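Analysis of the macromolecular model
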Amino acid sequence: MKAQVHCQNVEEEDLVCAVNKYKRIWNTEAHAPYNGKISEASISISVSAELPDISSAYHVGSTRTADAQFCKQFPAKIMKDYYTWTYPDIPESVAQELRLLKSSLVVVGIVGRSKCEQANKMQAFGMEPPMEHTTKDGQVQCYYKPGTSSLLLHFETTYDEAILGQMIDVCMEDVDTPFDFDSFYERMRCRFVRMMLLALHACHIVVYVETGPTFDPTLVTVFQLLKFAREQHLMQFLPQMLRETPAARMSERARLCAPRILFLFENFPRDEPKTRECVSAHEFQTEDCIYELLRHHNIVTNSSSTSLVALPNNKQFVFFNAHEQLHEDKLLKAIECLNQAMYKPDAKEEEEDLEILELAPFEGFVKPYKLPVDEKELEKQQYKQDHTVWHFLQRHVQDALLGCFDEGSFKQHPQQGQFQLLNIQEWHDCMATLHKLLVENAKDPNQETSNEEYKLFLKSFDESLNYEKKFWAHLCELGLKKGIAAYKNAAPGNYGSSTHRQLLAEATVAFEEEGRGPQAKAALAKLAAICQKHWQDGRQQCELLSLRSHPCTLPKNLPHEKHNSGVIHISSCNCGRTQGRREDPFNLRQANYEFYEHIAQMCNLCVKVKQYQLPVFEPSVSDYRAAAFEAAFPLLHTGKSGAPQDEDGEDEPEDEEVQEQKQPEEEKGQDTASNCCSQPLSPTFGSDLNMSIAGFGASLNESQASSEQLSNSEQNSTSSGTSSADTENELVVELQEHAKKEAREEAGPVDAFSTSTTEYLPGLVHTVSNFGLLPLFPSWSLACVGPSSIYSHNTGLQEHFQSGFLSGANFLLPWDVQLRLVHAPKQHHTHHQQQQHPGKKQQRWKKQGDRLSLKIFVGMEYECSRGHRFMMCAPDRVLRGGADIERDTCSKVVHNNMPLYYPCPCRSQTSYLAQLMRIHVVTPKAPVNIIVDPKVCVGKGKYTFTLGTIVPPRLSQSAYWIIRLPYVYQGDDVLIAPPEKLEPDDPLAGGYLLPGMFGVAETDPTLDLNEPGRMGASAAGNFTRI
């Protein structure tokens, strides 16, 4: 036990008084293990006063044991047993003592790891640097204990936590450069290897300090680098350069000897008992492990000339500090010393002791720690005193002094002059030369020197030690070659970006089989650049996207007039009878016009059908061009303001507006009638599903049944004009007086408004496009494919008539529409006069109050790119057969938004989207015309596309009509591509067909349905929307 007293400017008498006082305190019965005595050597007194005979460049310290004779020689002023200074500033007084040793100076190097702030690895030796000491990478702190022959060199390296923290702080200050752990670790290890090289060449013994209780296997790698650096670098220039310096006494091996390596572990495993047997067994086990590792990697050999370090054969070279706590908490140590100093078991205290006991917070504050020990305990304490690092080191120092240093380490006896003991001056010269060559000059890689090998050492030493970097670079090079070969072997003659990405991904997988490490990222970037160059070297495809988002597969560097993506679609013609293969379109004309014109030439039905002529652009000059649209295109009025009107037509807008206001009530009434007054349809009711008109026979002029029904309907209506429950669900069609054809020609056509003949509409006609702009070609098609009799509801659409339909999805939906014909009041007298000459049957169905029940067949046809066609019976349901057809099934289709795209029900691994391509309409045989006005809303409501006609087309009676919708939709300046897939929550996201596209109007025999442009405004515009 020891107590510390810090004094400033004290005299010798005061020191003696203090010692005597504490001797009285400690000489009590409670300290029997210490024989009741305490010597001057057991008390350490730190003196801050200046010493007259010692330079201020070094510090004097003390340990728990001191040389009593040395203390007598230096009373009170020097109570320490070692000197310390920073190399190369050796004090003169210490140098004089070292000169007395002559050629018996053994130099011991202390390297390794530390955790304290001062990077002190000497604490196990009972030594420490001065309080004002500052750690620095590459700094050497010297320690010498007078009376010994060993000079201890404490090397401060990057393995010390304090210096490692300084390096990290410097790296973190550079915020522009990201922290790279690999390069940081390489720099740290290279600096440590430099200091180890200096220690191995300037010391006889090297002690490696490890803070943990186990051996670090990475130290073997450091030894391998040390051996490589010595044999490949230092031995190429060091012997030659030492001949010209005071260090020429060092042999051709350029070192004092093969240094003996010792290992100091500052901590012992906690779970192991700290007995003599356990500690010795653990030390022997660690020695065997270290010896096998160093021998296996040729760090230690049988000859001193080829061995990097030496291990003693019959002496311990591993030491575990199992008994002394190093780097202990100073505050806890002070409290422990206070408790021991204040404890007094004897009740008779002296007056001086009472002053100390007054500091206790309560009586009995200090308790004895242990009971008196027995002889076995004394033996353990004696072992603890003998088992010290200093005693461990001195056994190896004695081998060096006795000249059996190499003989005790190697089987082959070395040559004379391999082991050398120098005096202090000679060693100082050698140390100065080695420190300059290995440490100082390395800070300046451009150091001027005539030795080329040394110049190469200065420039490439760090790079040569980075074996991991070379290893990773080699692996990345192998992986790069493998990846490039995998890419080039699998690459076709020309390919697109998707194939390039796939091949690059496969090449990356091939690279990762070999390449890894910090350089893998840069190697992958190089692989991508090489593959990119290989692809762009005449193998790149055009990759212009088609209107269906497929890239062109033709070579990019070769000129081509027509693009081709290699994707083939199956589509039907306008009439739906013939299916053909179509290439992926790249412009709107190919998509919506050219294909259908081409396949119409191969279809037997398309050449015979009656086509409705949609308005198109007719140029008057040769240099016509597409119209340019601004970013904010104004919304244009869609009324018929440009159409000429006669005097009778001035009231038509008002009448039309009244009809539009009545329309919701009429539709509501119709739904009620269909739900309450109709029987559900079934496939067995074949007679009810034909195309006859309810209440009329095969001929409107000859059916007796129709006359009876009209008579019954007259009796059901009241003279007061009030309607019954059945009449609430009827649509009222007002019969107008037919204008003569000559009067209509004089009034002019309805579309006689000014249209541009120099600019055309680049896209499709929509609701906000200018009336004066027309498209170059029609994107829609409206054709009458035959009479209504070609469709039978019992069998559906036959394959010879409409090919490609899925089983059960080839039926049209029947739609019952109730009408009531009412004569216009102002034309009643004229109309009555005209009805005097016709026959009697004709007078009944034109009589006021006549009712008609129309049966219309409607089908919403969807078609996928594989040619599969099917009908929908609801916005979210595919028609599966006659069982899906009910009374109000068609109302779900015509009165709701129908999605433009729907998943095809065909069985395929790939999910195909089917598009609404055709609307089938079978018109009834009745004195009315069906009006169609389809509107398709796409682009999230931005565009609503129409047929482009001001007057909606009138469909002829008792006929089968097909409206073919555009294959691709394009606005003024943007293509609206179909969605890749539909979200189940929003099936209308891709677009939808607006409801209310059908209307009904009175048949006008004076109208020519084949020439819609010749229709008058009043005749064409009056209809009732269903």
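Cut-offs and rules
Residues numbered from 1 in each chain as written. Predicted model: local features only at pLDDT ≥ 70, side-chain atom pairs only at ≥ 80, totals over all residues. Heavy atoms only, no water. Helix = DSSP H or I, 4+ residues; strand = E, 2+ residues; numbered from the N terminus. Buried < 20%, exposed > 50% of the residue type's maximum accessible area, 1.4 Å probe, protein only. Contact = heavy atoms within 4.5 Å. Areas by Shrake-Rupley, 256 points an atom, 1.4 Å probe, with all protein chains shown as cover. Phe/Tyr/Trp six-rings, centres within 6.5 Å; stacked < 30°, edge-to-face > 60°. Lys NZ or Arg CZ within 6 Å of the ring centre and 35° of its normal. Pairing = 2+ DSSP bridges. Patch = residues over 30% accessible without salt bridge, like charges linked within 9 Å, V, L, I, M, F, W, Y side chains within 5 Å. Salt bridge = Lys/Arg side-chain N within 4 Å of Asp/Glu carboxyl O. Lys, Arg positive; Asp, Glu negative; His and termini not counted. Charge placed at Lys NZ, Arg CZ, Asp CG, Glu CD. Core = buried A, V, L, I, M, F, W, Y, C linked by side-chain atoms within 4.5 Å. Polar contact = N/O pair within 3.5 Å; in protein donor to acceptor, adjacent residues only side chain to side chain. Expected span 1.5 Å × (residues − 1). Axes fitted to C-alpha atoms, helices over the stretch in contact; angles between N-to-C directions. Parallel < 35°, antiparallel > 145°, perpendicular 65-115°, else oblique. Left-handed = near helix turned anticlockwise from the far one by under 90°. Nonpolar A, V, L, I, M, F, W, Y, C, P; charged D, E, K, R; others polar. pLDDT = per-residue confidence, 0-100.

The secondary structure content of the protein amounts to 24 helices and 34 strands. Residues counted as buried form 47% of the 1026 residues belonging to the protein. Considering only contacts in the protein between residues 6 or more positions apart, those separated by 24 or more positions represent 76%. For the protein, the accessible surface area stands at approximately 52600 Å², while carbon and sulfur atoms represent 49% of it.

By convention here, two paired aromatic rings are described through the distance between centres and the angle between planes. Counting across every chain of the model gives 25 aromatic pairs. Consider the rings of Tyr159 and Phe192, whose centres lie 3.8 Å apart with planes at 5 degrees: the pair is stacked. Remark: Phe192 occurs in helix 5 (residues 181-202) and Tyr159 occurs in the loop between strand 7 (150-155) and helix 4 (161-173); sequence separation between them is 33 residues. The pair Tyr159 / Phe192 is uniform in exposure class, with both members buried. In textbook terms, an aromatic cluster arises when at least three aromatic residues are bridged by ring pairs, as seen for Phe237, Tyr454, Phe457 and Phe461. Positioned over the ring face of Tyr967 is Arg548, at 4.2 Å from the centre of the ring.

The subject of this paragraph is the sheet that holds strand 33 (residues 998-1002). The antiparallel open sheet is built from 4 strands, whose spatial order is 28-25-33-34. Strands at the two margins of the open sheet, each flanked by one partner only, are strand 28 (954-955) and strand 34 (1024-1025). Sheet analysis places strand 25 (residues 928-932) next to strand 28, joined by 2 bridges and oriented antiparallel. When the bridges of strand 28 are listed, Ile931 appears paired with Arg954.

What follows covers a negative patch on the surface. The grouping of Asp169, Glu173, Asp174 and Asp176 at the surface amounts to a negative patch. Structurally, the position occupied by Asp176 is in the loop between helix 4 and helix 5. For Asp176, a relative accessible area of 70% gives the class exposed.

A few words now on the sheet that holds strand 27 (residues 943-945). Taken in spatial order, the 4 strands of this open sheet run 22-32-26-27, and their pairing is antiparallel. Edge positions in the open sheet fall to strand 22 (898-899) and strand 27, since each of these has one partner strand only. Of the pairings in the sheet, the one linking strand 26 (residues 936-938) to strand 32 (residues 992-993) comprises 2 bridges and is antiparallel in character. Each residue of the ladder has a partner; that of Val936, found in strand 32, is Leu993.

With that settled, the discussion passes to the nonpolar core. Soluble, globular proteins show a tendency: their nonpolar side chains are buried together. Ranked by internal contacts, the top residues of the largest apolar core, which has 106 residues, are Phe125, Leu153, Phe155, Phe223, Phe263 and Trp427. Once residues within four sequence positions are removed from consideration, Trp427 is found in contact with Val107, Leu151, Leu153, Ala202, Leu256 and Leu422. Counting 92 residues, the second-largest nonpolar core is a separate cluster that includes Phe595, Met860, Ile963 and Val1000.

This next bit is on the side chain of Thr84. Its place among the elements puts Thr84 in strand 4 (residues 82-86). According to the relative accessible area criterion, Thr84 is buried, its value standing at 0%. A polar contact is formed between the side chain of Thr84 and the side chain of Gln141, at a distance of 2.9 Å.

Along its 14 residues, helix 11 (residues 389-402) runs 20 Å from first to last C-alpha, staying within 8% of the 20 Å computed at 1.5 Å per residue. Inspection of helix 11 places Val389, Trp390, Phe392, Leu393, Gln394, His396, Val397, Asp399 and Ala400 among the buried residues, and these make up the whole buried set. In the core, the buried residues of helix 11 are packed alongside strand 5 (106-112), strand 7, strand 8 (205-210), strand 9 (260-265) and strand 10 (318-320). Following helix 11 by one or two positions, Gly403 adopts a phi angle in the positive range, close to 85 degrees.

This part is about the pattern of salt bridges. Once their charged atoms are close, side chains differing in charge can pair, the charge on each being opposite to the other. Summed over the entire model, instances satisfying the criterion amount to 23 salt bridges. Arg191 is the partner of Asp137 in a salt bridge, and the nearest nitrogen-oxygen pair spans 3.6 Å. Of this pair, Asp137 sits in the loop between strand 5 and strand 6 (140-144) while Arg191 is found in helix 5, placing the two residues 54 residues apart along the sequence. Judged by its relative accessible area of 25%, Asp137 falls in the partly exposed class. Under the relative-accessibility criterion, Arg191 is labelled partly exposed at 37%.

Most of the time, phi is negative for any residue but glycine, and the peptide bond is trans. Residue Pro88 follows Tyr87 across a cis peptide bond; omega there is 10 degrees. Of note, Pro88 is situated in the loop between strand 4 and helix 3 (92-99). One non-glycine residue, Ala254, lies in positive phi territory at about 60 degrees. Mapping Ala254 onto the fold places it in the loop between helix 6 (218-242) and strand 9. Judged by relative accessible area, Ala254 falls into the buried class, the value being 0%.

Turning our attention to the packing of helix 4 against helix 5. Between helix 4 and helix 5, the least distance of the axes is 12 Å, while the angle of their chain directions is 140 degrees. Classified by the angle between their axes, helix 4 and helix 5 sit oblique to one another. The element helix 4 and its partner helix 5 pack so that their crossing is right-handed. Counted together, Leu164, Met167, Ile168 and Cys171 of helix 4 and Phe184, Arg187, Met188 and Arg191 of helix 5 form the full contact between these two elements. In the contact of helix 4 with helix 5, the residues fall into 6 nonpolar, no polar and 2 charged.

What follows is about the pairing of strand 25. Strand 25 sits mainly inside the fold: 5 of its 5 residues count as buried. Neither face of strand 25 is left uncovered, since the one carrying Val928, Ile930 and Val932 and the one carrying Asn929 and Ile931 both have all their residues buried. Of the pairings in the sheet, the one linking strand 25 to strand 33 comprises 5 bridges and is antiparallel in character. Counterpart to Asn929 in the pairing with strand 33 is Ala1001.

So, on to the confidence of the model for the protein. Summing up the model confidence of the protein, the mean pLDDT is 76 and the portion of residues at 70 or higher is 72%. Counted against residues more than four places away or in other chains, residues 1-79, with its pLDDT under 50, gives 104 contacts.

Our next topic: the environment of Lys935. Here Lys935 shows up in the loop between strand 25 and strand 26. A relative accessible area of 24% means that Lys935 is categorised as partly exposed. Residues Lys935 and His766 lie 169 residues apart in sequence; the distance between their C-alpha atoms is 8.6 Å. Discounting chain neighbours no more than four positions away, the residues touching Lys935 are Thr944, Phe945, Thr946, Tyr992, Leu993 and Leu994. Here Asp933 takes part through its side chain, which lies 2.6 Å from a polar atom of the side chain of Lys935.

A separate point is the side chain of Asn810. Mapped onto the elements, Asn810 comes out in the loop between strand 17 (781-787) and strand 18 (813-823). Once residues lying within four places of it in the same chain are set aside, the contact partners of Asn810 are Thr795, Gly796, Leu797 and Phe805.

Before going further, it helps to spend a moment on helix 8 (residues 330-342). Taking 1.5 Å per residue as the helical rise, helix 8 with its 13 residues ought to reach 18 Å, and the 18 Å between its terminal C-alpha atoms agrees with that figure. Among the residues making up helix 8, those that are buried are Asn339, Gln340, Ala341 and Met342.

This part covers the pairing of strand 24 (residues 913-922). Burial within strand 24 is extensive, with 9 of its 10 residues counted as buried. Two strands pair when backbone bridges link them, and strand 23 (residues 901-903) and strand 24 are joined in this way by 3 bridges, in the antiparallel orientation. Paired with Tyr902 across the two strands is Ala914, which belongs to strand 24. Sheet topology places strand 24 next to strand 29 (residues 959-964); 5 bridges connect them, and they run antiparallel. Within the sheet, the bridge partner assigned to His920 lies in strand 29 and is Ile962.

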